[in-house]
Amino acid sequence: MPSISKKGQLMPQSPIRKLVPFAEKAYAEGKTVYHLNIGQPDIKTPQIALDAVKVHSLDILAYTRSEGSDDYRKKIANYYSKNNINVKHDDIIVTTGGSEALLFAFGSIMDVDDEVIIPEPFYANYNGFSTASGVNIVPVISKIEDNFALPPIEEFEKLITPKTKAILICNPGNPTGYLYSKEEIKQLASLVKKHDLFLIADEVYREFTYDGAKHYSIMEETGLDEHAIVIDSVSKRYSMCGARIGCLVSRSKEVIQTALKFAQARLSPPTLAQIASEAALDTPQSYFDDVIEEYQERRDVLIRELKSIEGIKIGEPKGAFYCIVELPVKNSDAFAQWLLEDFHIDNETIMVAPAGGFYSTPGVGTNQIRIAYVLNQKSLVKAVRILKEALKVYKD
C-alpha cells in the first residue's frame, strides 16, 4: 500500500485520550470511572451563551470574516481592557480553538527545523503542534520540588541557537497549575528582547488563579509589541470546550497579517460558536467569583487528600485546575491502564493522565500523573482514596 508520511508516523498520541478504549471497556463491565484525566469542566456553561444560539435570527449560516466578526473582536478587545491589556480589535484573529491559534503562530514565525524553547512539563498537544509544523521543541525542565516554577533564566539562555525563534509558556500552566509571577514574566521579556525572539503565552486559564494571586499577562509588559503573541480560548473560561473558539492576539502587525493568511486558507471560524462566544463575554463577574471559589475549594480538598498518601510528591497548583503527582511506580502508563482494567473498589475506579506525554525529553515524567480537579469535592475524595488503595497493591 502507499506509505504513510514520516510526519504522520511521528505525530504523537494524546496521553489524555489514548486510554479511552480501556475506559470504555470498564464502562461495559459496569464500572464507575472517575475521570481525573481530562480538563473538561463540569461547571455549567453560562446560560447567556446557550440562549444566544437558541434565539439567533440567521436565515443563512454563512461564512464570517476570516479573522472573525468585527463585533466579536471588538468585544474581545473590551474584555482585555478590563484585564489591563490594551489591544485593538485589529490585533485579534478569532480561531477554531486555542489549538488553531497556536498552529497559526507556529506557521507565522517559524520555518521547518526552527526551534521553540518550552518549560516542561507542558500541554501535551504542543508536541503534536510542533510535529505538524516541522518545528523542534527544545525543553527546559522545571522541577516538581519547586512546584514547577520557571527554571533559572540562565538555563533558557544556554539553549538559544541561531535556530531559536520563540519561547512558549502556558500561564497558568497545564499540566502543572503553576502561576508565573510578574517577576518571572519580566525575566522572560528581557530575554526575548535581548535575543530578538518571540514570546508566546498560552493564557487560556487566565481567570483561574487562587489564594488572592493575580495573573500577569505578557501583553502588560512594555516594549514587547513586536515580540508578544497571546493564545486564548473560551473553552475553560466559560466551560465551552465544544464551541472550539479561541484567538491569537498580537500588537505586531506583521504577525497578524501573516496569521491572517493562514486564517484565510481555512476560510472562517464557526459562525454559531462565535455568536455563543460573543454573548459569553457578557457573563457577570459573579459567575467567575463562584467558579474560582469552587475550584479553589476543590484544589484544597485534592491536596489534603493526596497528602495522606505515603511515598508521593505533589506539585501544589496556584492556578488552572491541574496537579502533577509523582507516584512510587516505574511506569504511570502501565499503572493508568491497570487501574482501568484490573482494579476497582466496589466497582469504582479512576482514569488519570500519565504525565510522560507532557514532556518531550525521553524518560522524564514516566512516574508522574496529571490530575484534573474538575469533579465535585465528594467525587475527588472518593477518587483519591481509590488511588491510595490502588498504590498499596500495585506491583510494577
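Look up: the structure comes first, before these words.
Residues numbered from 1 in each chain as written. Predicted model: local features only at pLDDT ≥ 70, side-chain atom pairs only at ≥ 80, totals over all residues. Heavy atoms only, no water.

**Q** Could you clarify how one ought to interpret the packing of helix α12 (residues 332–342) against helix α13 (residues 377–393) in this entry?
**A** Packed helices, taken two at a time, are described by the angle their axes make and the gap between the axes. In contact at an axis separation of 12 Å, α12 and α13 are set at 110 degrees when each is read in the N-to-C sense. Regarding the angle of α12 to α13, the classification is roughly perpendicular. Of the residues in α13, those in contact with Phe 335, Trp 338 and Leu 339 of α12 are Leu 387, Ala 390, Leu 391 and Val 393. Residues belonging to the contact of α12 with α13 are distributed by class as follows: 7 nonpolar, no polar and no charged. (Axes fitted to C-alpha atoms, helices over the stretch in contact; angles between N-to-C directions. Helix = DSSP H or I, 4+ residues; strand = E, 2+ residues; numbered from the N terminus. Parallel < 35°, antiparallel > 145°, perpendicular 65-115°, else oblique. Contact = heavy atoms within 4.5 Å. Nonpolar A, V, L, I, M, F, W, Y, C, P; charged D, E, K, R; others polar.)

**Q** Quick question: what am I supposed to make of the sheet that holds strand β12 (residues 353–354) here?
**A** Consider a sheet: its strands pair through backbone hydrogen bonds, and that pairing is either parallel or antiparallel. Here we have 4 strands laid out as an open sheet, ordered β9-β10-β13-β12, and antiparallel in their pairing. Looking at strand neighbours, the two that pair on one side only are β9 (313–314) and β12, the edges of this open sheet. Here helix α11 (residues 285–306) sits on the sheet and contacts β9, β10 (322–326) and β13 (368–372); the angle it forms with β10, its principal contact strand, is near 10 degrees. (Pairing = 2+ DSSP bridges.)

**Q** It is not clear to me how the environment of Thr 361 should be interpreted in this structure. Could you clarify?
**A** For Thr 361, the position within the fold is in the loop between β12 and β13. Using a relative accessible area of 24% as the deciding quantity, one classes Thr 361 as partly exposed. Measuring from C-alpha to C-alpha, the distance between Thr 361 and Ile 137 comes to 9.5 Å, with 224 residues separating the pair along the chain. Apart from residues no more than four positions distant in its own chain, Thr 361 is found in contact with Glu 120, Pro 139 and Ile 141. Among the polar contacts listed, one links the side chain of Thr 361 to the side chain of Glu 120, at a separation of 2.4 Å. (Buried < 20%, exposed > 50% of the residue type's maximum accessible area, 1.4 Å probe, protein only. Polar contact = N/O pair within 3.5 Å; in protein donor to acceptor, adjacent residues only side chain to side chain.)

**Q** Looking at this structure, how should I read the nonpolar core?
**A** Soluble, globular proteins show a tendency: their nonpolar side chains are buried together. Core analysis: the largest hydrophobic core is formed by 108 residues, its most contacted members being Leu 306 and Phe 335. For this core, the element with the highest residue contribution is α11, accounting for 8 residues. Setting aside residues up to four positions removed in sequence, Phe 335 forms contacts with Leu 327, Val 329, Leu 387, Ala 390, Leu 391 and Tyr 394. Membership of the second largest hydrophobic core comes to 28 residues, among which are Phe 104, Phe 106, Ala 166 and Phe 198. (Core = buried A, V, L, I, M, F, W, Y, C linked by side-chain atoms within 4.5 Å.)

**Q** Just to check I follow, could you spell out the environment of Ala 228 for this structure?
**A** Take Ala 228: it is sitting in strand β7 (residues 228–233). Sequence separation between Ala 228 and Ser 108 is 120 residues; the distance between their C-alpha atoms is 13 Å. Beyond its immediate chain neighbours, meaning those up to four positions away, Ala 228 contacts Leu 199, Ile 218, Met 219, Val 249 and Ser 250.

**Q** Whenever I open this one, the sheet that holds β7 confuses me. Can you help?
**A** Taken in spatial order, the 7 strands of this open sheet run β2-β8-β7-β6-β5-β3-β4, and their pairing is mixed. If you trace the sheet from one side to the other, it starts and ends with β2 (92–95) and β4 (136–141), each paired once. Averaged over all neighbouring strand pairs, the angle between strand axes comes to 20 degrees, with direction disregarded. Pairing of β2 with strand β8 (residues 246–249) involves 4 bridges; the strand directions are antiparallel. Across the sheet, Thr 95 pairs through a bridge with Gly 246, a residue of β8.

**Q** Help me understand the state of the cysteines, please; the structure alone is not making it clear to me.
**A** Throughout this description, disulfide means a covalent bond between two cysteine sulfur atoms. Within the structure shown, the criterion is met by 0 disulfides. Cysteine Cys 247 shares no disulfide, and the gap to the nearest cysteine sulfur, in Cys 170, comes to 14 Å. Accessibility expressed as a relative area gives 5% for Cys 247, which makes it buried. (Disulfide = S-S within 2.5 Å.)

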